[in-house]
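For reference, the chains in residue letters:
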Amino acid sequence: MVRGQIPALLYKGFCEAIDWVYPPVCAACDEPGFHLCPQCQSKIQFLIDNKHPNSFGNHQKMVKNNYMNDLPDTGLRSLAVYDGVIREGIHAMKYANNHGISHLFSRWLANMVKDEGWLLDLVIPVPLSTERVKERGYNQSALIARPVSILLGVPFSPYGLKRMRNTQSQVGLSAEERRANVAGAFQGVSEIVSGKRVLLVDDVTTTGSTLEACARALKKAGGNFIFCATVGAALLNDKQLSKLESVQV
Ligand SMILES: [Zn+2]
């Protein structure tokens, strides 16, 4: 057995033990025995090779062209459309303390990152504001990112990126407002990230403004490659997309 596989096997055993003590129920339909039952999983729109659907292709293009085009050596990939079952699963994790489902998301994200073939030195979650951590008791991005680091055998470094100020919720803000809201809100810690290839993990991306602000901060601190991975990607309607197109960077 390869030495690096031991933590991943211990982690798998830990998850199985927790499920044995606290049997899971499907986060979307309450079917016992699953974090997400097969029927609900079959409804998820996985974003395989970014070929599905067209509107996501546009979204991806908008993020890359408008927000991260002057940031070389960056990458972004999301697992599935943020809708239906994925939205319910993420809500269960964020608002109902369902940590079991975060382990499922972590396994899927780790496999997605392996498929991408990204070479990594550190895994960093997008930091949550101190206000939100107090309110929720945990950072949902860290909840996903830590198991991803174990499964990939890449060190977990939550202190490599700091949130310098609290920001208002991005929900309901336009693309421009989102960008202004998070601009300069993060700072990379050069002692930790300098020269490193970083995997940045978040639960959901919409316009990519938070990931962009984080990637810029990590780059400024000397980060080498910044790859972003999220569970959900919110699809933008035509009106939102045209608003994004009007954004000049
Ligand atoms: Zn279900």
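Fair warning: this is a prediction, and the values are worked out from it, not measured in the lab. (Residues numbered from 1 in each chain as written. Predicted model: local features only at pLDDT ≥ 70, side-chain atom pairs only at ≥ 80, totals over all residues. Heavy atoms only, no water.)

A. Geometry of the overall build of the protein. Check the secondary structure of the protein and you find eleven helices and six strands. Per-residue burial for the protein yields a buried fraction of 50% across its 249 residues. Within the protein, residue pairs in contact and separated by at least 24 positions form 76% of the contacts whose partners lie at least 6 positions apart. Accessible surface computed for the protein: about 12,400 Å², of which carbon and sulfur atoms make up 52%. (Helix = DSSP H or I, 4+ residues; strand = E, 2+ residues; numbered from the N terminus. Buried < 20%, exposed > 50% of the residue type's maximum accessible area, 1.4 Å probe, protein only. Contact = heavy atoms within 4.5 Å. Areas by Shrake-Rupley, 256 points an atom, 1.4 Å probe, with all protein chains shown as cover.)

B. Up close: the coordination of the zinc ion. Looking at the zinc ion, one finds its protein donor set to be Cys 26 (SG), Cys 29 (SG), Cys 37 (SG) and Cys 40 (SG), positioned 2.3 Å from the metal centre. Around the zinc ion, the four donor atoms sit at angles spanning 101 to 120°, and that spread fits a shape best called tetrahedral. Mapping the donors of the zinc ion onto the primary sequence gives the spacing C-x2-C-x7-C-x2-C. Pair noted here: Cys 29 is in the loop between helix 1 (5–21) and helix 2 (38–41) and Cys 40 is in helix 2, with a separation of eleven residues, a long-range link. (Donors = N, O, S within 2.8 Å, 3.2 Å for Na, K, Ca; no water. Tetrahedral: all angles 85-135°; square planar, octahedral: opposite > 155°, others 65-115°.)

C. Inspection of the environment of Gly 153 at higher detail. Residue placement: Gly 153 occurs in the loop between helix 7 (140–152) and strand 3 (161–163). In the structure, Gly 153 is positioned 32 residues away from Asp 121 in sequence and 9.5 Å away in space, judged by C-alpha atoms.

D. Looking closely at the pairing of strand 5 (residues 197–205). Counting buried residues along strand 5, eight of its nine residues qualify, which places the element largely inside the surrounding structure. Bridge analysis of strand 2 (residues 122–125) against strand 5 gives four bridges, and the strand direction is parallel. Its bridge partner being in strand 5, Ile 124 is matched across the sheet by Leu 200. Where strand 5 meets strand 6 (residues 225–233), eight bridges bridge the pair, whose relative direction is parallel. By the bridge assignment, Val 198 is partnered in strand 6 with Ile 226. (Pairing = 2+ DSSP bridges.)

E. Here's a closer look at the layout of surface pockets. Considered as a void within the structure, the largest pocket measures approximately 1,100 Å³ in volume. Lining of the largest pocket is provided by 43 residues; of these, Ser 169, Gln 170, Val 171, Arg 178 and Thr 206 occupy positions nearest its centre. Residue assignment for the lining of the largest pocket shows that the elements contributing at least two residues are helix 4 (84–95), helix 6 (130–136), helix 7, helix 8 (175–182), strand 5, helix 10 (209–220) and helix 11 (238–245). Partitioned by chemical class, the residues of the lining of the largest pocket number 15 nonpolar, 17 polar and eleven charged. For the second largest pocket, the calculated volume is near 480 Å³. Elements with a contribution of two residues or more to the lining of the second largest pocket: helix 6, helix 7 and strand 3. Broken down by element, the residue count for the lining of the second largest pocket peaks at four residues, all from helix 7. (1 Å grid on protein atoms, 1.4 Å probe; cavity = no way out; pocket = protein on both sides within 12 Å on 5 of 7 lines; lining within 4 Å. Points joined across faces, edges and corners; volume = space filled by probe spheres on them. Nonpolar A, V, L, I, M, F, W, Y, C, P; charged D, E, K, R; others polar.)

Function-wise, these values are silent; they only describe arrangement.
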